[in-house]
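Fold and geometry: a report
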Amino acid sequence: MTILIGLIIAGASLIGGFAALGGKVSVLWQPWELLIILGVAIGAFVVANPMKTIKGTVIAVSDALRNAVPNKREYLDVLALLYGLMRELRAKGRNQVEPHIEDPNTSPIFQKYPSVLRNASLTTFICDYFRLIIVGNARAHEIEALVDEELHTIHRDQMKPYHAMSSVADALPAIGIIAAVLGVIKAMGAIDQSPQLLGSLIGAALVGTFVGIFFSYSLFGPIAAKIKSVRETRLRTYIVVKQTLLAFMNGADPQIALEHGRKTISDYDRPTIDEVENETMSVGAGASADNVQDLQGAA
């Protein structure tokens, strides 16, 4: 929504200011200049990037336009899921927690939090490091080094659409000059025509430079910055998982470990301690009921 509002403000200011200066707005409509600029930009983008990056950029632009970042509810789901797994590991041991990790799609704990299951990468991330905890041979500092290396890899992959879009934004002013040069070449071919016709041709050529610069700094550049912001915000959930599990491995109780993860969330979206406690109380109640059923079955 903010992208749309910003584009409306920019477009209205541009066209309104140009019209107020006495310019003819119709002169700005040069479809063939647009075809040259956008066609060359898209062609260069396809040449420079593998198909995975091209598809990823389309998805990234969609996410940026929708501002698809985690909200407080999704952070609560991640914290509650981690609490449920940590509580199970403390109360029931490794053998009973392992089925949840091996097949999260059928796990009753994971099924309570569909927002986490929908994110396959995050689900795999959680399961991988719980699996390492269950094995029990890795030390906390070794896990931390491994997590940091994986987060670096994830960040690099997630930023590929941003770098691809930024490259297009950087190239657009030069592509606009190419379109303008082609327009001047056309105008020079009509040098023997009337001054009115020659002037319109030169004006149309200069529109190419204007469009290239405008698209670069007012459209593609801001969208690239938005992609970066959205992707970095979405990576915050991985940091929450990291800090929570490291605290748990270092001996913190599950509730205290969650606080380590909660503190890494931006203040804008961070759930309060009471909200986290209320969320985990329901998880704890469910775990307690399971324990009672296990004891009755054993009796």
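The structure reproduced in this document is the subject of the present report.

Thresholds, definitions, all that
Residues numbered from 1 in each chain as written. Predicted model: local features only at pLDDT ≥ 70, side-chain atom pairs only at ≥ 80, totals over all residues. Heavy atoms only, no water. Helix = DSSP H or I, 4+ residues; strand = E, 2+ residues; numbered from the N terminus. Expected span 1.5 Å × (residues − 1). Buried < 20%, exposed > 50% of the residue type's maximum accessible area, 1.4 Å probe, protein only. Contact = heavy atoms within 4.5 Å. Core = buried A, V, L, I, M, F, W, Y, C linked by side-chain atoms within 4.5 Å. Axes fitted to C-alpha atoms, helices over the stretch in contact; angles between N-to-C directions. Parallel < 35°, antiparallel > 145°, perpendicular 65-115°, else oblique. Left-handed = near helix turned anticlockwise from the far one by under 90°. Nonpolar A, V, L, I, M, F, W, Y, C, P; charged D, E, K, R; others polar. Polar contact = N/O pair within 3.5 Å; in protein donor to acceptor, adjacent residues only side chain to side chain. Salt bridge = Lys/Arg side-chain N within 4 Å of Asp/Glu carboxyl O.

Comments concerning helix 3 (residues 51-66)
An α-helix turns once per 3.6 residues; consequently, residues spaced three or four apart project the same way. The end-to-end C-alpha distance of helix 3 is 23 Å, a good match for the 22 Å that 16 residues give at a rise of 1.5 Å each. Within helix 3, burial applies to T53, I54, G56, T57, A60, D63 and A64. On its buried side, helix 3 packs onto helix 1 (2-20), helix 2 (31-48), helix 10 (160-189) and helix 11 (195-234).

A word on helix 1
Taking 1.5 Å of rise per residue, 19 residues should cover 27 Å, and helix 1 covers 26 Å from first to last C-alpha, within 8% of that figure. Looking one or two residues beyond helix 1, the residue adopting positive phi is G22, at roughly 100 degrees.

Looking at the nonpolar core
L81, L82, L85, F125, I126, F130 and V241 are the most contacted members of the largest nonpolar core, which totals 42 residues. Listing elements by their share of this core, those giving two or more residues are helix 4 (72-92), helix 5 (94-102), helix 6 (108-111), helix 8 (120-135), helix 9 (140-158), helix 12 (236-249) and helix 13 (254-262). Of all the elements, helix 4 adds the most residues to this core, at 11 residues. Residue contacts for F130: discarding those within four places in its chain leaves L82, L85, M86, I101 and L245. Core analysis: the second largest hydrophobic core is formed by 22 residues, I54, A60, F220 and I223 among them.

Considerations on the packing of helix 4 against helix 12
Packed helices, taken two at a time, are described by their axes: the angle between them and the distance between them. The geometry of helix 4 relative to helix 12 is characterised by a closest axis approach of 11 Å and an angle of 25 degrees between their N-to-C directions. Comparing their axes, helix 12 and helix 4 come out roughly parallel. Crossing angle aside, the handedness with which helix 4 passes helix 12 is right-handed. Together, Y75, V78, L79, L82, M86, L89 and R90 of helix 4 and R236, T237, V240, V241, T244, L245 and F248 of helix 12 make up the contact between the two elements. Among the residues forming the contact of helix 4 with helix 12, the class breakdown is 10 nonpolar, 2 polar and 2 charged.

Topic: the side chain of S115
For S115, the position within the fold is in helix 7 (residues 114-117). Here the side chain of S115 touches D77 through a polar contact of 2.7 Å, side chain to side chain. Beyond its immediate sequence surroundings of up to four residues, S115 is in contact with E74 and D77.

So, the pattern of salt bridges
Per the counting criterion, the structure on display carries 13 salt bridges. K72 is the salt-bridge partner of E275, the closest N and O atoms lying 3.7 Å from each other. Residue E275 is located in helix 14 (residues 273-298), and its partner K72 is located in helix 4; the two are separated by 203 residues in the primary sequence. Accessibility expressed as a relative area gives 32% for K72, which makes it partly exposed. One salt bridge connects R73 with D77, and the closest N-O pair in it is separated by 2.9 Å. Taken together, the residues R73 and D77, both in helix 4 and 4 residues apart, mark about one turn of the helix. With a relative accessible area of 39%, R73 lands in the partly exposed category. Among the charged side chains, a salt-bridge network with shared partners connects D63, R66 and R234.

Treat this as a map of the structure, not an account of what it does.
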